[in-house]
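Residue strings, one per chain:
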Amino acid sequence: MIKNSLNILIGGEAGDGILSTGEILCKIFFEMGYGLCTYKNFPSRIRGGHTAYSVRIADDFCAGRDPEIDILVVFDSESFEIHKNELKDGSVVFYDSSKIKVLGEKPDRKNIMYYAVPFAELASANFQKPMFKNTIAIGCIASMLNIDNKFIENGFAKSIKSKKGDDAFDMNLRACGIGANYYNDSLKGVKNELWPSPVLKNALMMTGNEAITLGALTAGCKIAVAYPISPATEIFESMCSLLPKYGGNVMQAEDEIAALCAAMGGGFAGARSMTSTSGPGISLMAEAIGLAGCAEVPVVIIDAQRPGPSTGLPTKTEQGDYYHSIFCSHGDIPRIVIIPGNLKQCFEFTVNAFNLADIYQCPVIVLSEQALSQNKFVAPEFDFSAVTIDRGKMIGDNELEGLNGGYLRYKFTDDGVSPRTIPGQKNGIYLCNGNEHCESGRISEDPLNRVKMMDKRQKKIESASKSKFLPQPEYFGNESAEYGVIMAGSNYETVKEAFSILDREGANVFKAMQITALMPFPAEEVSEFCSNLKKVIVIENNKTAQLSNIIKMNAPVHSKLRSILKYDGVALSAKEIALALKEVR
Amino acid sequence: MTITTKDLSYGKPTWCPGCGHFAVLNALQRAIIELGLKKENIACVTGIGCSSKLSEYLDTYGYHTIHGRSIPSAAGVKLANPGLEVIAAGGDGDGFAIGCGHFVHAVRRNIDITYILMNNQVYSLTKGQTSPTSDRGFVTKTSPDGAEETPINPLLLALAAGASFVASGFSSDVAELSKIIAAGIRHKGFSFINVMSPCVTFNKLNTYDWYKRNTYNIEESESELDSGIKYNPKSYEFAMEVAMNFFIRKPVGILFDVEVPVFKETWLSQYPVAPANQQINDISQYHKLMKQYCRE
């Protein structure tokens, strides 16, 4: 449980090096053994515009935004104006006095320390390169928090030395020293030592997108085809550099329609295949999702959600694709939609997405979201011993021979799943078809066949609801609570932390349920969860209460549901949720 | 054991009697036989339209996809299993209207698939509307005053995008068409074959007779074209000259056939086992990958 946490926010213009500064801080605190998560707030452009990177350090694993800032570093006036109201009593502010001559109106908080540091001037004077202002700022922070040099060196070694070489490493260390000296000698800064590190064991640090990529690789994904789009791009970038090393193949498609179609070509051919995208891309993919459903082609689609509609806010976060993921494309489509809520689930759900796609021969959509996809988290190492690979009903060559040419790709079965062959298999020839077809796969417009085929395909989703690979809802909170909370995605960790805040205040009268799948939907579980509760608050990041309405579509709990909605592009925080829950109750 | 066209046929085609597509199916089957391919090693990927029903009637592995998407679907099949002969096919609406974007990029990529565009210059499955290859002035239900748009020149488009194999066939000559298709399949890289395949029901302008009057054997270009250019499919200049004259004189034969680096050639040489045929068992290598994200 998190007892102490510290939130450092670095703000400046895009192109100021804010992101890389944040990354270095992450490396340093990770080396020290703290729990950590980041929150990036950056514009959809390369140069100019406000950028902020917050690094939240804690004495346990943590995975949510903190709306309050303990240490604020600003390189321009705009950043101070944007973030000053996030300061609290006792916060510390470092501002670049070479650029900000007079700090704007200060917030009404007690005991805020303001340190004027000519970051840019110090950088130019010592290195002729203004970019070193970032490292000088790290030096100031490190000195204030009394961080041992070995962690700083390790941090720089892992971020700078490995990528940019020894010279850059040395210069950065020197810049860091300049910052530390400035803090000690010129500012006579106060030392404010961090609480002891919990030295978290068996921990890793990565982004949600990295966890998804690792999950896909581990699942044996061999084909990745995608079109670059924020905030999913990193998944495909990593696949491009890694997949060929493990015998797989990649292609950057000309658009998202081609991306999904090509991934499905891979699925039809017999390789585990995927595409990764965000809202605008999955909108384009809608028709092909229907093809995967009708033709029963296994494929995994990662949707890192961003705020829509249309282009919306490409670099911000939202949970607004819930409807689209279960409804998109015409007709009744068998599909599976699952929603990871943290790093561990990003990995595990992605692995199982490939199992589900193979077993139920249908498209599987994994819904991530920008806040989860692009932020770093320190989390326990993933449990590889729990990984199972199940390719479903794939019919062998010998068995095919025994059928004497009687192989039927879309054979009617009890669970709706028909054993499949892959091209190259003798005696397994069939037509994979997006037209309504009979058991052989050839076009059929016979009404009786149509009904049986529709029933067969839908039956698979019923079967999938009992699958051990389908992520099951998670429950936590006060067992005897009278009020409930339902959430999905990254709000899982945030609500957990909100509960610990309420616990400390003795105000936790809630229990919670995390929805991990939208299709098949855990209708009975939701009904059961709500049965003895007075009210159930559904917390989600979208305007129209999509999750709440999907619940209503599936379970008769309408009168109990209330909503907490946020759709400003920013993730919810535990503090906000705790406050809102107290009010709703 | 040799296979026959009968072994490669499935069911009875629903094309209109006299439809040019019968000849394309037959020519493709003959090409497969001539090349000695095993039918289980062929994947025929089609879009939507009369012509895209080709995969319904060819008894090989087939994938009848959605409108305009035969090419990216076929590309995925090839990526996953380079050992397969992948043939994409469809009509002029499928390939040059809704799917035109994919065509250009597949050509650029030079991915090793064969694309047969069955061009009848009209939308037929929807019962007669103007198509991107319809001649100017062509009257249909959606162009009652005659088509107003310049038709796409398939050969010029392919050459402009950097094609390594461009050919033009005609449904009335199955033997010649079969040779062209076989050459296309044999070619390493993206092979584009535009087949003039008349629609006897909805195109009363571009009929068999009309095509016969307007086509010529490409090897006789010297006497057939005003420029008197000599047949040379290794020459871009020759191919461009033939392509530029497409609306005046329609060639039958191979315009262009050159070696260009094939998409993923280097990768292919490194991995003997196709992604589709790899066993998934060693997850320890990914555990090692995870360790890179851990603190020592």
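Here the structure is a predicted model, which means the values were calculated and not measured.

## A short note on the overall build of chain B
The helix and strand inventory of chain B stands at twelve helices and eight strands. Whereas a compact globule of 296 residues would reach a radius of gyration of roughly 19 Å, chain B reaches 20 Å, a difference of no more than 12%. Its C-alpha atoms give chain B principal-axis dimensions of about 75 × 45 × 45 Å. Relative to its full complement of 296 residues, chain B shows a buried share of 61%.

## A short note on the sheet that holds strand β8 (residues 223-226) of chain A
Residue and element names in this part refer to chain A. Spatially, β9-β8-β10-β11-β13-β12-β19 is the arrangement adopted by the seven strands of the open sheet, whose pairing is mixed. Unpaired on one side and paired on the other, β9 (249-252) and β19 (517-519) mark the two borders of the sheet. In this sheet, neighbouring strand axes are inclined to one another by 20° on average, regardless of whether the strands run parallel or antiparallel. Across the sheet, helix α11 (residues 286-295) is in contact with β11 (299-305) and β13 (363-369); its angle to β13 comes to roughly 140°.

## A look at the side chain of E40 of chain B
Residue placement: E40 of chain B occurs in the loop between α1 (21-34) and β1 (42-46). At 5.2 Å, K38 of chain B is the nearest oppositely charged side chain to E40 of chain B, a buried residue that forms no salt bridge. In this structure E40 of chain B touches P423, G424, Q425, K426 and I429 of chain A together with Y61 and L84 of chain B, once residues within four positions along its chain are discounted.

## Focus: the interface of chain A and chain B
The interface is formed by 72 residues belonging to chain A together with 54 residues belonging to chain B. A buried area of about 5,200 Å², summed over both sides, lies between chain A and chain B, and 62% of it is on carbon and sulfur atoms. A per-residue breakdown of the area chain A buries against chain B is headed by E254, I429 and R442 of chain A, which together make up 12% of the total. Here chain A is connected to chain B by three salt bridges. The interface formed by chain A and chain B holds 26 residue pairs in polar contact (both at pLDDT 80 or more) in total. Here the element with the most residues in the side of chain A that touches chain B is helix α9 (residues 256-269) of chain A; it accounts for nine residues. Two elements, strand β15 (residues 431-433) of chain A and strand β2 (residues 61-64) of chain B, share three bridges in a ladder whose sense is parallel. Each residue of the ladder has a partner; that of C432 of chain A, found in β2 of chain B, is Y63 of chain B.

The rules behind each value
- Residues numbered from 1 in each chain as written.
- Chains lettered and ligands numbered in written order.
- Predicted model: local features only at pLDDT ≥ 70, side-chain atom pairs only at ≥ 80, totals over all residues.
- Heavy atoms only, no water.
- Helix = DSSP H or I, 4+ residues; strand = E, 2+ residues; numbered from the N terminus.
- Rg over C-alpha atoms; globule rule 2.2 N^0.38 Å.
- Buried < 20%, exposed > 50% of the residue type's maximum accessible area, 1.4 Å probe, protein only.
- Pairing = 2+ DSSP bridges.
- Axes fitted to C-alpha atoms, helices over the stretch in contact; angles between N-to-C directions.
- Contact = heavy atoms within 4.5 Å.
- Lys, Arg positive; Asp, Glu negative; His and termini not counted.
- Salt bridge = Lys/Arg side-chain N within 4 Å of Asp/Glu carboxyl O.
- Buried area = accessible area lost by both parts, 1.4 Å probe.
- Polar contact = N/O pair within 3.5 Å; in protein donor to acceptor, adjacent residues only side chain to side chain.

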